[in-house]
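Residue strings, one per chain:
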Amino acid sequence: MNIRQLHYFLQVAELKSFTRAASLLHVAQPALSRSVRALEADLGVTLFHRSERGVTLTEAGELLQKRAANLLADFAHVRDEVGAQARELRGELRFGMPPSMQHLVTVPLMRAFRREHPGVLLRFTEGISIALGEGLQSGRVDVAVLAANEPLAALQSEPLLSEAMYMVGPRKARLSPKRPVSIERVASEPLMVTLRPNSVRALIETALARVGRNLVPVLEANSTSVMLQMVAAGECYTVLPYSALHEALAAGRVSAAPVADLRMSWAIAYARERTLSRAGRELTRLARQVARAAIEHGYWVSARMPD
């Protein structure tokens, strides 16, 4: 069993097809099939059920898929740590960010990292905190920004910042960033919220429960962009962290007001059992730098970083 065999195996398992995996890996399909069969022979098990419709994992294959991602991540980290004295960082780094931070953090962070470390291949994943947390634990993601109200016991985490949650309405609602609204006011409007499970939705539900109210949405979606478009069209209201609505608010497409005493906290996290690579530590440093700059320049209203 070697690193190349594990890498090939994971690609076939993910794509459920030797043909598609061979195309993605830029190898001949017969060579890919030989590699997987050699791995099966070495392990003494069958890893795939093969059929005309493609392949599916056997029980042994499912076990190897869980372990192989961690093994490859550990190998990459060892390579990075051993080469840590090199002047230029190399290798790859898989990082995840919430959709809400796309404009204020993710894009500026990727640009800053690329300028300082062009030898590192960044593999970016955007997702909700629950999905990113699962990616960290499985080894598919190296470091990510997560909502701090998610269970982080299996992860190593450090506070990044907190930001106010805003009630977002159409322009005609004339909501003002200078006039906070109560959670009761939020409950009185037709709301569009994220699908469960979601940390933002959980935060809203918890806040409403404190005042004896239930969340009764009129619409649900897994897309912040769609939610903001529906709000701008006057169809509903929503509640989002400021980072998610910054661009729409600046463009005048919506109006918004902070919800009193309602904040979202974010943390930088990575797997507890794996040492964060040098590239991961650099990304963490730059993420804090980018976030601080957005706050200091007045773009990230209401955000606060820990002292």
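Residues numbered from 1 in each chain as written. Predicted model: local features only at pLDDT ≥ 70, side-chain atom pairs only at ≥ 80, totals over all residues. Heavy atoms only, no water.

**Topic: the pairing of strand S3 (residues 91–97)**
Argument step 1. Buried residues dominate S3, accounting for 5 of its 7 residues.
Argument step 2. Regarding the hand of the β-α-β motif, the stretch spanning S3, helix H5 (residues 102–116) and strand S4 (residues 120–126) is right-handed.
Argument step 3. Summarising the sheet, S3 and strand S5 (residues 143–147) pair through 2 bridges and their orientation is parallel. Residue Phe95 lies in a different strand from S5, and its bridge partner there is Val143. (Buried < 20%, exposed > 50% of the residue type's maximum accessible area, 1.4 Å probe, protein only. Helix = DSSP H or I, 4+ residues; strand = E, 2+ residues; numbered from the N terminus. Right-handed = clockwise from strand over helix to strand, strands pointing away. Pairing = 2+ DSSP bridges.)

**With respect to helix H3 (residues 29–43)**
Argument step 1. Its 15 residues place the ends of H3 21 Å apart at the C-alpha level, agreeing with the 21 Å of an ideal helix rising 1.5 Å per residue.
Argument step 2. When H3 is considered as a whole, its buried residues turn out to be Leu32, Ser35, Val36, Leu39 and Glu40. One side of H3 carries all its buried residues, which in axial view fall inside an arc of 135°. Exposed and facing more than 90 degrees away from the buried side of H3 are Pro30, Arg34, Arg37 and Ala41.
Argument step 3. Just downstream of H3 lies Gly44, where phi reads positive at about 75°. (Expected span 1.5 Å × (residues − 1). Arc of directions from axis to C-beta.)

**Some remarks on the environment of Asn198**
Argument step 1. By the element assignment, Asn198 lies in the loop between strand S7 (192–194) and helix H8 (199–210).
Argument step 2. A sequence separation of 51 residues divides Asn198 from Ala147, and the C-alpha atoms of the two residues are 9.5 Å apart.
Argument step 3. Polar contacts involving the side chain of Asn198 include one to the side chain of Thr194, which spans 3.0 Å. (Polar contact = N/O pair within 3.5 Å; in protein donor to acceptor, adjacent residues only side chain to side chain.)

**Some remarks on the sheet that holds strand S6 (residues 155–170)**
Argument step 1. The sheet built from 6 strands is open, its strands ordered S4-S3-S5-S10-S6-S9 with mixed pairing. Both outer strands of the open sheet, S4 and strand S9 (238–241), are each paired with one neighbouring strand and no more. Averaged over all neighbouring strand pairs, the angle between strand axes comes to 25°, with direction disregarded.
Argument step 2. As paired strands, S6 and S9 are joined by 4 bridges and run antiparallel to one another. (Axes fitted to C-alpha atoms, helices over the stretch in contact; angles between N-to-C directions.)

**Structural notes on the side chain of Glu163**
Argument step 1. Note that Glu163 resides in strand S6.
Argument step 2. Within the local environment of Glu163, its side chain forms a polar contact with the backbone nitrogen of Tyr242, the two atoms lying 3.3 Å apart.
Argument step 3. If we skip the residues at most four places from it in the chain, Glu163 touches Pro241, Tyr242, Ser243, Arg263, Met264, Trp266, Trp300, Ser302 and Ala303. (Contact = heavy atoms within 4.5 Å.)

**What about the packing of aromatic side chains?**
Argument step 1. The tally for this structure, following the rule as stated, stands at 4 aromatic pairs.
Argument step 2. On the numbers, 5.8 Å between centres and 70° between planes, the contact of Phe18 with Phe48 is edge-to-face. Of this pair, Phe18 sits in helix H2 (residues 18–25) while Phe48 is found in strand S1 (residues 48–51), placing the two residues 30 residues apart along the sequence.
Argument step 3. Phe18 gets classed as buried once you look at its relative accessible area, which sits at 9%.
Argument step 4. When its relative accessible area of 3% is taken as the criterion, Phe48 is described as buried.
Argument step 5. Between Phe95 and Phe124, the aromatic rings sit 5.2 Å apart at their centres with planes inclined by 40°, giving tilted as the arrangement. (Phe/Tyr/Trp six-rings, centres within 6.5 Å; stacked < 30°, edge-to-face > 60°.)

**Regarding the nonpolar core**
Argument step 1. Judged by nonpolar contacts, the single largest core of 68 residues is most densely connected at Leu245 and Trp300.
Argument step 2. In terms of residue count, the dominant contributor to this core is strand S10 (residues 254–271) (9 residues).
Argument step 3. Other than its neighbours up to four places away in sequence, Trp300 contacts Met101, Leu104, Val105, Leu161, Glu163, Tyr242, Ser243, Ala291, Ala294 and Ile295.
Argument step 4. Formed by 20 residues, the second largest nonpolar core is a distinct cluster that contains Tyr8, Val36, Leu47 and Ala68. (Core = buried A, V, L, I, M, F, W, Y, C linked by side-chain atoms within 4.5 Å.)

**Brief notes about the environment of Ser35**
Argument step 1. Structurally, Ser35 can be placed in helix H3.
Argument step 2. A residue is classified by how much of its surface remains accessible, and Ser35, at 13% relative accessible area, is buried.
Argument step 3. Separated by 16 residues in sequence, Ser35 and Thr19 have C-alpha atoms that sit 14 Å apart.
Argument step 4. The contact partners of Ser35, leaving out residues within four places of it in the chain, are Gln5 and Tyr8.

**A look at the pattern of salt bridges**
Argument step 1. Tallied over the entire structure, the rule returns 10 salt bridges.
Argument step 2. Arg288 is paired through a salt bridge with Glu158; the nearest N and O atoms lie 2.9 Å apart. Residue Arg288 is found in helix H11 (residues 278–296), and its partner Glu158 is found in strand S6; the two are separated by 130 residues along the sequence.
Argument step 3. For the salt bridge of Arg285 with Glu282, the shortest nitrogen-to-oxygen distance reads 3.0 Å. Taken together, the positions of Arg285 and Glu282, both in helix H11 and 3 residues apart, correspond to about one turn of that helix.
Argument step 4. One connected set of salt bridges, linked through shared partners, spans Arg196, Arg201, Glu205 and Glu220. (Salt bridge = Lys/Arg side-chain N within 4 Å of Asp/Glu carboxyl O.)

**Some details on H8**
Argument step 1. Compared with an ideal rise of 1.5 Å per residue, which puts 12 residues at 16 Å, H8 spans 17 Å between its outermost C-alpha atoms and is within 8% of the ideal.
Argument step 2. Within the sequence span of H8, burial applies to Ser199, Val200, Arg201, Leu203, Ile204, Ala207 and Leu208.
Argument step 3. Looking at where H8 begins, the residue whose side-chain oxygen comes 2.9 Å from the main-chain nitrogen of Val200 is Asn198.
Argument step 4. Following H8 by one or two positions, Gly212 has its phi on the positive side, about 75°.

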